[in-house]
Amino acid sequence: HTGVNIQTELERTCGQFGLDDKKLVFVTDQGSNIVKACKLMGVERFGCVAHGLHNLIIVDGISKCAELQELILKVKDAVKTFTYKTNLLECEASKMADEQLKAELEDMLSTLEDEEQFGTCEVEDEHEEEPAASSSADRTSNIGFRQQPLTTLKKDCPTRWNSLLLMLESVVKNQELIERCLSRLRLFDKMLNDAEWKIVENLVDFLKVFKSATEVLSGATYPTMSLVLLF
């Protein structure tokens, strides 16, 4: 992947598409080999703004904040624990779903018992019809199948845009499940405390802004050059 080899390949590809007599403008990352290839070709090159945002967050930001980096490594370690323990996560998620359903049923039955004990007062109005109250059967039918509270735990890839956000989001969505499984495995040292969970949640909200910017700037059906300075 040297600059010379990339230059040769780019020129060959441009020739295949009949672009030799066209004005070429390249949008690339900041890799020195890519930059060199563009210089050798004598073409105009712009740095990818989304790639720049990624470097701003990962290289110039988080990696230089020791406390935050330590927390992210702790999250990664927890995620890594379940790499080959999908069955454990699924079993625990199923138990959580059963517990949730049982709790909702008990709450529903308790409500029905209260209604039967104390009754309800109904006032008839000749001129206005009140919407019919839902029957016990209707309310009970609303407690249907509950999807298991499990979403795949994502891994962070340093060179992939927004992958840190995806990992942290998957961890936040499965917070209770992760804590229960780590407790079962007696890996208490891998568990995050309340303050750490709060920081992770705040970081998710913060990174969502950059994800939105990346998606808008990556649009293919509208010009994005005019948005760069604004973003």
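Quick note: structure is the one above.
Residues numbered from 1 in each chain as written. Predicted model: local features only at pLDDT ≥ 70, side-chain atom pairs only at ≥ 80, totals over all residues. Heavy atoms only, no water.

*Asks:* Explain the packing of helix H3 (residues 49-58) against helix H9 (residues 194-217) here, please?
*Replies:* For any two helices packed against each other, the geometry comes down to the angle between their axes and how far apart the axes lie. H9 packs onto H3 with a crossing angle of 165 degrees between their chain directions and a minimal axis gap of 9 Å. Taken together, H3 and H9 sit at an angle that is classed as roughly antiparallel. The way H3 lies across H9 gives a crossing that is left-handed. In contact with Val49, Ala50, Leu53, Leu56 and Ile57 of H3, H9 contributes Leu207, Phe210, Ala213, Thr214 and Leu217. Within the contact of H3 with H9, the residues separate by chemical class into nine nonpolar, one polar and no charged. (Axes fitted to C-alpha atoms, helices over the stretch in contact; angles between N-to-C directions. Helix = DSSP H or I, 4+ residues; strand = E, 2+ residues; numbered from the N terminus. Parallel < 35°, antiparallel > 145°, perpendicular 65-115°, else oblique. Left-handed = near helix turned anticlockwise from the far one by under 90°. Contact = heavy atoms within 4.5 Å. Nonpolar A, V, L, I, M, F, W, Y, C, P; charged D, E, K, R; others polar.)

*Asks:* Sorry if this is basic, but what is going on with the pattern of salt bridges here?
*Replies:* One side chain can pair with another of opposite charge once the charged atoms of both are near each other. Counted according to the given criterion, the structure contains eight salt bridges. For Lys76, the salt bridge identified is with Asp156, shortest N-O distance 3.1 Å. Highlighted residues: Lys76 in helix H4 (residues 66-81) and Asp156 in the loop between helix H6 (136-141) and helix H7 (163-173), separated in sequence by 80 residues. Two residues, Lys208 and Glu169, come together in a salt bridge whose shortest N-O distance is 4.0 Å. (Salt bridge = Lys/Arg side-chain N within 4 Å of Asp/Glu carboxyl O.)

*Asks:* Is there a simple way to think about H4 in this case?
*Replies:* In an α-helix, one full turn covers 3.6 residues, which means residues spaced three or four apart are oriented alike. Compared with an ideal rise of 1.5 Å per residue, which puts 16 residues at 22 Å, H4 spans 23 Å between its outermost C-alpha atoms and is within 8% of the ideal. Every buried residue of H4 is listed here: Leu68, Leu71, Ile72, Val75, Ala78, Val79 and Thr81. In the core, the buried residues of H4 are packed alongside H7, helix H8 (175-184) and H9. (Expected span 1.5 Å × (residues − 1). Buried < 20%, exposed > 50% of the residue type's maximum accessible area, 1.4 Å probe, protein only.)

*Asks:* Honestly, unusual backbone geometry in this entry has me stumped. Any pointers?
*Replies:* You will see that Asn162, though not glycine, has its phi angle at about 60 degrees, which is positive. Looking at the secondary structure, you find Asn162 in the loop between H6 and H7. Unlike most non-glycine residues, Arg186 shows phi in positive territory, near 60 degrees. The residue Arg186 is located in the loop between H8 and H9 in this model.

*Asks:* Please explain a nonpolar patch on the surface as it appears in this structure.
*Replies:* Residues Val25, Val27, Phe46, Met225 and Val228 make up a contiguous nonpolar surface patch of roughly 430 Å² in combined accessible area. Within the secondary structure, Val27 sits in strand S1 (residues 25-28). Note on Val27: relative accessible area 58%, which makes it exposed. (Patch = residues over 30% accessible without salt bridge, like charges linked within 9 Å, V, L, I, M, F, W, Y side chains within 5 Å. Areas by Shrake-Rupley, 256 points an atom, 1.4 Å probe, with all protein chains shown as cover.)

*Asks:* Whenever I open this one, the environment of Ile57 confuses me. Can you help?
*Replies:* Checked against the element boundaries, Ile57 lands in helix H3. Assessed through its relative accessible area of 12%, Ile57 is described here as buried. In this structure the C-alpha to C-alpha distance between Ile57 and Phe210, which are 153 residues apart in sequence, comes to 8.7 Å. Apart from residues no more than four positions distant in its own chain, Ile57 is found in contact with Ile62, Leu207 and Phe210.

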